[in-house]
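# Tertiary structure, described
Listed below are the residues making up each chain.
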Amino acid sequence: QVQLVESGGGSVPAGGSLRLSCVASGYIYSMAWFRQAPGKEREGVAAMDYGGNINYADSVKGRFSVSRDDAKNTLYLQMNSLEPEDTAMYYCAAGEGYRLRHYLRPSEANSWGQGTQVTVSS
């Protein structure tokens, strides 16, 4: 079964930057980032499929970007211009087809990482 390990979370002032990493154990067609704040539902942030197609949530367009290193089997989430509203636990997810990238919703994921906390202060 696919194993996913996130890292790179931390605390940063508003306007700052962080880069999250997700290392996967094997082949994955689609990988995505989700986040969940206390008392709120898990929401999609960004996703990329094997062909390099990318989908971003409207709330992060122009601020966040995803990239990958195939040699390291790693997906990255570069987060710039961070806002307090970005504070959440961030999770890496994997899917078996295009749907995870297209719909960017938790029900399309079949594997999850343990999460990494991102906290943005005012």
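What this report covers is the structure whose coordinates are included nearby. (Residues numbered from 1 in each chain as written. Predicted model: local features only at pLDDT ≥ 70, side-chain atom pairs only at ≥ 80, totals over all residues. Heavy atoms only, no water.)

## Re the overall build of the chain
Our working rule: Runs of H or I in DSSP of at least four residues are treated as helices and runs of E of at least two as strands, each being numbered from the N terminus. Note on method: radius of gyration uses C-alpha positions; expected globular size equals 2.2 Å times residues raised to 0.38. In this scheme, a residue with accessible area under 20% of its type's maximum is buried, one over 50% is exposed, and one in between is partly exposed, where area comes from a 1.4 Å probe on protein chains only. It only takes one pair of heavy atoms within 4.5 Å for two residues to be counted as in contact. Using a 1.4 Å probe, accessible areas were evaluated by the Shrake-Rupley method; residue-level cover was limited to the displayed protein chains. Counting rule for charge: Lys and Arg are taken as positive, Asp and Glu as negative, and neither His nor the chain ends is counted. We put the charge of a Lys on NZ, of an Arg on CZ, of an Asp on CG and of a Glu on CD.
When its secondary structure is counted, the chain shows 1 helix and 11 strands. Across the chain, helices and strands are ordered from the amino to the carboxyl terminus as β-β-β-β-β-β-β-β-β-α-β-β. The C-alpha atoms of the chain give a radius of gyration of 13 Å, which matches the 14 Å a tight globule of 122 residues would have. Looking at the chain as a whole, 43% of its 122 residues qualify as buried. Sequence-distant contacts, at least 24 apart, represent 60% of the contacts inside the chain between residues at least 6 apart. For the chain, the accessible surface area stands at approximately 6,300 Å², while carbon and sulfur atoms represent 46% of it. Looking at charge distribution, the chain has the averaged site of its 11 positive side-chain charges lying 2 Å from that of its 12 negative ones.

## Details of the packing of aromatic side chains
Which entries qualify depends on this criterion: Between 30 and 60 degrees the pair is tilted, below 30 it is stacked and above 60 it is edge-to-face, where a pair is any two Phe, Tyr or Trp rings, Trp via its six-membered ring, whose centres lie within 6.5 Å. Criterion for a charge above a ring: Lys NZ or Arg CZ within 6 Å of the ring centre, and within 35 degrees of the ring normal.
Within this structure, the stated rule accounts for 2 aromatic pairs. Their ring planes at 85 degrees and their centres at 6.4 Å tell us that Tyr 91 and Trp 112 sit as a pair that is edge-to-face. In this pair, Tyr 91 is assigned in strand 9 (residues 88-95) and Trp 112 in strand 10 (residues 111-112), connecting sequence segments 21 residues apart. Residue classification places Trp 112 among the partly exposed residues on the basis of a relative accessible area of 30%. Among the aromatic residues, those joined into a cluster by ring pairs are Phe 34, Tyr 91 and Trp 112. The ring of Tyr 50 carries Arg 68 above its face, with NZ or CZ at 5.8 Å from the centroid.

## A short note on the pattern of salt bridges
So the rule is basically this: Salt bridges are identified by distance alone: a Lys or Arg side-chain nitrogen within 4 Å of an Asp or Glu carboxyl oxygen.
Tallying each qualifying case throughout the model produces 8 salt bridges. Measuring nitrogen to oxygen at the nearest pair gives 2.8 Å for the salt bridge that ties Arg 35 to Glu 43. For Glu 43, a relative accessible area of 33% translates into the label partly exposed. Two residues, Arg 63 and Glu 83, come together in a salt bridge whose shortest N-O distance is 4.0 Å. Placement of Arg 63 in the loop between strand 6 (54-56) and strand 7 (64-69) and of Glu 83 in the loop between strand 8 (74-79) and strand 9 is noted, with a sequence separation of 20 residues between them. By relative accessible area, Glu 83 is classed as partly exposed at 34%. Each of the salt bridges in this network shares a partner with another, and the network as a whole consists of Arg 35, Glu 43, Arg 63, Glu 83 and Asp 86.

## Focus: the environment of Gln 78
The line we're drawing: Whenever a nitrogen or oxygen atom comes within 3.5 Å of another N or O atom, the pair is scored as a polar contact, on the condition that within protein one atom can donate a hydrogen and the other can accept it, and that pairs from neighbouring residues in sequence are kept only if both atoms are in side chains.
Tracing the chain through its elements places Gln 78 in strand 8. Judged by relative accessible area, Gln 78 falls into the partly exposed class, the value being 25%. Taking C-alpha positions, Gln 78 is 13 Å from Met 48, a pair spaced 30 residues apart along the chain. Those residues in contact with Gln 78, other than ones at most four positions away along the chain, are Ser 17, Leu 18, Arg 19, Arg 63, Phe 64 and Ser 65. A distance of 3.1 Å separates polar atoms of two side chains, one belonging to Gln 78 and the other to Asn 80.

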